[in-house]
Amino acid sequence: MAGFLRRRSSMPVWADMAWRVALVLGLIALVLVLHWIGRDGLKDNLDNHISFIDVLYFTTVTVTTVGYGDIVPVSPEARLFEALLVTPIRLFVWLIFLGTAYHLFFRNILYRWRMARIQADLHNHIIVTGFGTSGSEAVNELLARGVNPREIVVVDPEEKALAKAEELGCNVLCGDSTRDKTLKDVAVHRARTMIVSAGRDDTSILITLTARHLAPHLPISIVVRNEDNELPARQAGATTVINPVSFAGLLLAGSTSGPHIADYMADLAATGGRVRLHERCVLAEEVGQPLSAIRTGLGVRIYRGGRVIGFWEPEAAQLHNGDMIIEIVAGVEHDQAHNPA
């Protein structure tokens, strides 16, 4: 059911109700036929005559456990039939009714309670809108980097996509990310960051506009396929705009300058290689030192007050409070080689 942090049933409500009603009617019809066949074992205390209407009446009051005592089973066969067949059918019918009540009413209450609990736990989480090729790859990469799947919320209008995300342990919500209500349901104002990959540039840009309206300071990364939409995406409020086609072009162009450049660029972007990029705040003990003196990795860039400083520039000779450092560090493959389990 859309609007809950859960995965709804693939069966429509009307179809679910139809098969339940049909099953109940089928079971009552079965009991009716068997009662009619064994009507000689019944006794009518009013006129001592068992008609079809009497059998129909006895079947309904028996299945519904009313039982007025005006018609009763008197033969051993009839009583055995009531005990061994009608009683299980009666219980099964009541289970169907209770299941229907749960499905239509109590389940909504339960899911709203569960959703409220999930929402209360959503702080500093990552929202992924769209679980197609790019969105699923992003989630897999986040998990490979050690992000807890409970910290990831996947929003998508397709149940098949959500089922895959749910198998990974992520929170999921079936809904339209362009709507304020959907993003409020996933606590966008408390999120750490948001990844937008809706499959269509216009939809992704509209999602970005909606998110920026609700969370003015939220970092938003958006995937666009058309180069012309990179500027509108930034104007919509995206902090990072990624064009897979442009990135592929960079890899292809890099490969022409040397056989290993494209391989190294891909290695930097992924988690499972020998090296990876890492972003962090400058440490207190590093303030005043040059970028080249950091010990945690190879410093390649500084972000300072909205400015981008390369490792070769004079400003990189002294780190300041508040600097953000981009460094190249050892990847998972290197860590596993030096820290075997």
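The structure under discussion appears in the preceding block.
Below is a short write-up of the structure. Here the structure is a predicted model, which is why all the values come from computation and not from measurement. (Residues numbered from 1 in each chain as written. Predicted model: local features only at pLDDT ≥ 70, side-chain atom pairs only at ≥ 80, totals over all residues. Heavy atoms only, no water.)

Remarks on the pairing of strand β10 (residues 298-304)
Regular strands place their side chains on alternate faces of the sheet. Using the following cut-off: When DSSP finds two or more bridges between a pair of strands, those strands are recorded as paired. Numbered from the N terminus, helices here are DSSP runs of H or I no shorter than four residues, and strands are runs of E no shorter than two.
Sheet topology places β10 next to strand β12 (residues 324-330); five bridges connect them, and they run antiparallel. Pairing of Leu-298 across the sheet is with Ile-328, part of β12. The pairing of β10 with strand β11 (residues 307-310) spans four bridges and is classified as antiparallel. Bridge pairing in β11 links Arg-304 to Arg-307. Following β10, the chain reverses through two residues before pairing antiparallel with β11; Gly-305 in that reversal takes a positive phi of roughly 55 degrees.

Focus: the packing of aromatic side chains
The test is simple: Ring geometry is summarised as follows: Phe, Tyr and Trp rings, the Trp one being its six-membered ring, pair when their centres sit within 6.5 Å, and such pairs are stacked at plane angles under 30 degrees, edge-to-face over 60 and tilted between the two. Each residue is placed in one exposure class: buried if its accessible area under a 1.4 Å probe, protein chains only, is under 20% of its type's maximum, exposed if it is over 50%, and partly exposed if it falls in between.
Taken as a whole and assessed by the stated rule, the structure comprises two aromatic pairs. Each ring, one from Trp-36 and one from Phe-52, has its centre 5.6 Å from the other, and the planes form 70 degrees; the classification is edge-to-face. Of this pair, Trp-36 sits in helix α1 (residues 13-37) while Phe-52 sits in helix α2 (residues 52-63), and the two are 16 residues apart along the sequence. Taken together, a centroid distance of 5.3 Å and an interplanar angle of 90 degrees make the contact between Phe-311 and Trp-312 edge-to-face. For Trp-312, a relative accessible area of 63% corresponds to the exposed category.

Comments concerning the sheet that holds strand β9 (residues 275-281)
We count it as follows: To obtain an axis, a line is fitted to C-alpha atoms, over the contacting stretch when the element is a helix, and the angle between two such axes runs from 0 to 180 degrees between their N-to-C directions.
Across the sheet, which stays open at both edges, the four strands sit in the order β9-β12-β10-β11 with antiparallel pairing between neighbours. Strands with a single pairing partner mark the edges of an open sheet, and in this sheet they are β9 and β11. On average, each strand axis in the sheet is inclined to that of its neighbour by 25 degrees, with strand direction left out of account.

Focus: the sheet that holds strand β5 (residues 171-174)
The test is simple: The contact definition used throughout considers only heavy atoms, calling two residues in contact when any of these lie within 4.5 Å.
Taking strand neighbours across the sheet as the criterion, the six strands line up as β5-β4-β3-β6-β7-β8 in an open arrangement whose pairing is parallel. At either end of the open sheet lies a strand with only one pairing partner, and these are β5 and β8 (240-242). Direction aside, neighbouring strands of the sheet carry axes that sit 15 degrees apart on average. Where strand β7 (residues 220-223) lies against β8, three bridges are found, and the strand directions are parallel. Bridge pairing in β8 links Ile-222 to Val-241. Together, β3 (126-129), β4 (152-156), β6 (193-196) and β7 form the strand contacts of helix α4 (residues 133-144), whose direction differs from that of β4 by roughly 170 degrees.

A closer look at the pattern of salt bridges
Under the convention used in this document: Salt-bridge detection follows one rule: a side-chain nitrogen of Lys or Arg within 4 Å of a carboxyl oxygen of Asp or Glu.
Taken as a whole, this structure holds seven salt bridges when the rule is applied. In this structure, Glu-286 and Arg-280 form a salt bridge, with 2.8 Å as the shortest nitrogen-oxygen distance. Here Glu-286 matches Arg-280 in class, with each residue buried. Of the charged contacts, one joins Glu-315 and Arg-307 as a salt bridge, the two residues approaching to 3.1 Å between their closest N and O atoms.

In short, geometric facts, not functional conclusions.
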